[in-house]
Amino acid sequence: FKRIRIQFGISSKEYAKSLGHGLNTMGSGAGRSGSFFFSTNDKRFILKSISKTETTTLMHLLQSYENHINTNVNTLLTRFFGLYTMKVSGKKCRFVVMNNVFQSTTPDESYDLKGSTVNRSTMSPDEARGHPGTVMKDMDLDKQLQLNRQLR
């Protein structure tokens, strides 16, 4: 993960400083995964709790992931910067550290896209738009998106 952080211009010192200055709760138990989400106080990183299976999978894919981001610097894949395990009240808690794509902006709409249609809708998109912070799903996306290469 250190090599990945270096690839994206994050020094060990600034990484530790960001993680060491407290966390803000973003949500807990949201969705079926039951994951907990936190952001660093500077909003630079997101921490997400993950299962033992997800930890194993990420570690298995790590070398291929690193190779991909090294050859595709503008990839839209999530940028993973760390994976940690700690004990909380005697129970292991695993979490991954990712970049926060909303560090300096607040999105008008948010989608959790998984590439599936099974159970992949929330309320109607019009209703969801009236509830700031609602994360919509695949079937709620009712428009075409075009990504500007410079905005990635």
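This text goes with the structure placed above it.
Residues numbered from 1 in each chain as written. Predicted model: local features only at pLDDT ≥ 70, side-chain atom pairs only at ≥ 80, totals over all residues. Heavy atoms only, no water.

J.: Sorry, what's going on with helix α3 (residues 52-71) here?
T.: Taking 1.5 Å of rise per residue, 20 residues should cover 28 Å, and α3 covers 29 Å from first to last C-alpha, within 8% of that figure. For α3, every residue scored as buried is listed here: T55, L58, L62, Y65, E66 and I69. As for α3, its buried residues are in contact with α1 (2-7), β3 (45-50), β4 (80-88) and β5 (91-99). (Helix = DSSP H or I, 4+ residues; strand = E, 2+ residues; numbered from the N terminus. Expected span 1.5 Å × (residues − 1). Buried < 20%, exposed > 50% of the residue type's maximum accessible area, 1.4 Å probe, protein only. Contact = heavy atoms within 4.5 Å.)

J.: So what exactly am I meant to see when it comes to the pairing of strand β2 (residues 35-40) here?
T.: Two faces belong to every sheet, and in a regular strand the side chains alternate between them. Inspection of the sheet shows β2 paired to β3 by 3 bridges, in the antiparallel sense. Counted as the bridge partner of S39 is I46 from β3. In sequence, β2 turns back onto β3 through a hairpin of 4 residues, with K43 there showing a positive phi of about 65°. (Pairing = 2+ DSSP bridges.)

J.: What is the right way to look at the pattern of salt bridges in this model?
T.: Side-chain pairing between opposite charges can occur once the charged atoms of the two side chains come close. Scanning the model with the defined rule gives 2 salt bridges in all. Among the salt bridges present, the one from E14 reaches R44, with a minimum N-O distance of 2.8 Å. Separated by 30 residues along the polypeptide, E14 in helix α2 (residues 12-19) and R44 in the loop between β2 and β3 bring together distant segments of the chain. Assessed through its relative accessible area of 29%, E14 is described here as partly exposed. Note on R44: relative accessible area 22%, which makes it partly exposed. (Salt bridge = Lys/Arg side-chain N within 4 Å of Asp/Glu carboxyl O.)

Coordinates in, geometry out; function isn't part of it.
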